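Summary of structural features
Now for the letters of each chain:
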Amino acid sequence: HLSCKTNRIPFIEVNLGAQAEFTSKIIDILHGHHLQRRLSAAVARRVQEQQHQQQQRQHYLRQASVRSSSVAGPSDSPPPGYFWVFVPVAGGPRDIAADDRKKDGLYEVPRCCISQLWCSKSEHSNHLLSFVFTGGDVLTVSPKLVTCLKMQHRAAPTERNLVNALRVGMGDHFADPNLFVDEGCVTLAGEVSRLPQLLEARHTALLDLQLGDPGLTARRLEPYYTSSTSSGGGFAGRPPHNLVVFLRQASGRDFPRGFRERFRETMFREDTEVPRWQHMSLPRISIHGGISFLAHCWDAHGLGPAVARLSEQEKQQQHRALQTGQQQQQQQ
């Protein structure tokens, strides 16, 4: 701080939300905001605010006391619904190992678990993570695993601790004979119908998201909706209570053929109106980095409204297309 002051370099203090996170995840979040071209503008705006506050310090102190007393719990709390991320993985669930550098993409498994489920000294209680393997097997990891390991003095999410916990949760007790994984922490399903039935169609949005889009084939997602990011005013739709994200690299491995539709039909088979997939893209970033960034936007109440706005825009486009088609038929 003193060096910045001596060299007249602006120095500001900010936070990224109410939840403390690991440093590695904070870096991923900053990287995500940078790729969205939000970081530089936000820092510049904060510098301007700080300079203005220094000029009117007495006024600032009065305003700061009002702000601190008016900030309520709900605005600092994450959304109550589920944020469920699916990631395609090569091979099968038994291929997960601590030293798996030769396994295509499996090194991402423990890193994705940390990004989605762990936070500093706690867990993301309403987050879920599922790995979809080549043969269609689905390995679902619950945030309850964080507490389970913590109670056995294995709170540090090292690669070996995580991999051993996943293997024990799948029934391989020889992976770590001294480790016990509670029921529901890790679930291996051979088919979509055995996945936890946690979602209601009318309260859920489905997002098919690819990282990197060299061909510009999918619309770009602005995952942190605010009035300043809106180019067309507000939206009428309500943010979804639950959000399911199928996340993959544009140039990498995709989900097994037909898995998206099987998931959609099976998860909402009791509902009359089933949500449709919204196909979007983000700038290229690692899978675990993308999860950290999206989870941050969800917990900060930015991603839900962004998805609702996209859904509203899609409905308006469909309505205009229908009106245009009807007008063309009448003219003929």
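A brief report on the enclosed structure follows. (Residues numbered from 1 in each chain as written. Predicted model: local features only at pLDDT ≥ 70, side-chain atom pairs only at ≥ 80, totals over all residues. Heavy atoms only, no water.)

**A look at the overall build of the protein**
Just so we agree on the cut-off: To qualify as a helix, a DSSP run of H or I must reach at least 4 residues; to qualify as a strand, a run of E must reach at least 2; elements of each kind are numbered from the N terminus. Exposed residues in this analysis have more than 50% of their type's maximum accessible area, buried residues have under 20%, and partly exposed residues fall in between, with area computed by a 1.4 Å probe over protein chains only. Should any heavy atoms of two residues lie within 4.5 Å, those residues are counted as being in contact. Note on areas: these come from Shrake-Rupley sampling with a 1.4 Å probe, and a residue is covered only by the protein chains present in the view.
Broken down by element type, the protein carries 11 helices and 10 strands. When burial is assessed residue by residue, the protein has 43% of its 332 residues classed as buried. Sequence separation of at least 24 residues holds for 79% of the intrachain contacts in the protein that already meet a minimum separation of 6. With an accessible surface of roughly 18,900 Å², the protein has 49% of that area assigned to carbon and sulfur atoms.

**With respect to the nonpolar core**
It is characteristic of soluble globular proteins that their nonpolar side chains tend to be buried jointly. Definition in use: We call a set of buried residues a nonpolar core when its members are Ala, Val, Leu, Ile, Met, Phe, Trp, Tyr or Cys and they connect through side-chain atoms within 4.5 Å of each other.
In this structure, Phe131 and Leu145 are the most contacted members of the largest nonpolar core, which totals 51 residues. Considering every element that reaches this core, the biggest residue donor is helix H10 (residues 287-299), with seven residues. Setting aside residues no more than four positions away along its own chain, Phe131 makes contact with Val87, Val89, Val109, Cys112, Cys113, Asp137, Val138, Leu139 and Val141. Counting residues in hydrophobic clusters, the runner-up holds 19 residues, among them Trp84, Phe86, Val192 and Trp277.

**Section: the packing of helix H6 (residues 108-117) against H10**
The following threshold applies: For helices, the fitted axis covers only the stretch in contact; all axes are lines through C-alpha atoms, and the angles between them, taken along N-to-C directions, range from 0 to 180 degrees. By the definition adopted for this analysis, an angle is roughly parallel if under 35 degrees, roughly antiparallel if over 145, roughly perpendicular if from 65 to 115, and oblique otherwise. Gly falls in the polar group here, along with every residue not listed as nonpolar (Ala, Val, Leu, Ile, Met, Phe, Trp, Tyr, Cys, Pro) or charged (Asp, Glu, Lys, Arg).
Here H6 crosses H10 at 10 degrees, and the two axes come no closer than 8 Å. Taken together, the axis directions place H6 and H10 in an arrangement best described as roughly parallel. Judged by residue contacts, Glu108, Arg111, Cys112, Ser115 and Gln116 of H6 engage Ile287, His288, Ile291, Ser292 and Ala295 from H10. The residue inventory of the contact of H6 with H10, partitioned by class, reads four nonpolar, four polar and two charged.

**Quick look at the sheet that holds strand S8 (residues 219-220)**
For clarity, the threshold we go by: Should DSSP find at least two bridges between two strands, the strands are regarded as paired.
Read across the sheet, eight strands follow the order S6-S5-S4-S1-S9-S7-S10-S8 without closing on themselves; strand pairing throughout is mixed. The strands lining the two open edges of the sheet, one partner per strand, are strand S6 (186-189) and S8. Direction of pairing for strand S1 (residues 83-89) relative to strand S9 (residues 242-249): parallel, over a ladder of four bridges. Counterpart to Phe86 in the pairing with S9 is Phe246. The sheet contacts of H6 involve S1, strand S4 (127-133) and strand S5 (138-141), and relative to S4 the element is tilted by about 160 degrees. Packed onto the sheet, H10 meets S1, S4, strand S7 (204-211), S9 and strand S10 (277-282) and runs at close to 160 degrees relative to S9.

**A short note on the side chain of Ser142**
Relative to the helices and strands, Ser142 is located in the loop between S5 and helix H7 (144-151). In this structure Ser142 comes out as buried when scored by relative accessible area, which is 9%. Dropping the residues within four chain positions of it, Ser142 is found in contact with Leu117, Leu128, Gly184 and Cys185.

**Brief notes about helix H9 (residues 259-267)**
All buried positions along H9 are accounted for by Phe259, Arg260, Phe263, Arg264, Thr266 and Met267. On its buried face, H9 is in contact with S1, S4, S5, S7, S9 and S10.

**Notes on the packing of aromatic side chains**
Rules: Any two rings among Phe, Tyr and Trp, with Trp reduced to its six-membered ring, count as a pair given centres within 6.5 Å; such a pair is stacked if its planes are under 30 degrees apart, edge-to-face if over 60, and tilted if neither.
Tallying each qualifying case throughout the model produces 12 aromatic pairs. Considering the side-chain rings of Trp84 and Phe263, the 6.3 Å spacing of their centres and the 85 degrees angle between planes classify their relative orientation as edge-to-face. Of the two residues, Trp84 sits in strand S1 while Phe263 sits in helix H9, which places them 179 residues apart along the sequence. Pair check on accessibility: Trp84 and Phe263 agree, each one buried. When the ring of Phe246 is compared with that of Phe255, the centres are 4.7 Å apart and the planes differ by 35 degrees; the resulting orientation is tilted.

**A few points about helix H8 (residues 159-169)**
Along H8, eight of the 11 residues are buried, which leaves the element largely enclosed by surrounding structure. Downstream of H8 by one or two residues, Gly171 has phi in the positive range, about 110 degrees.

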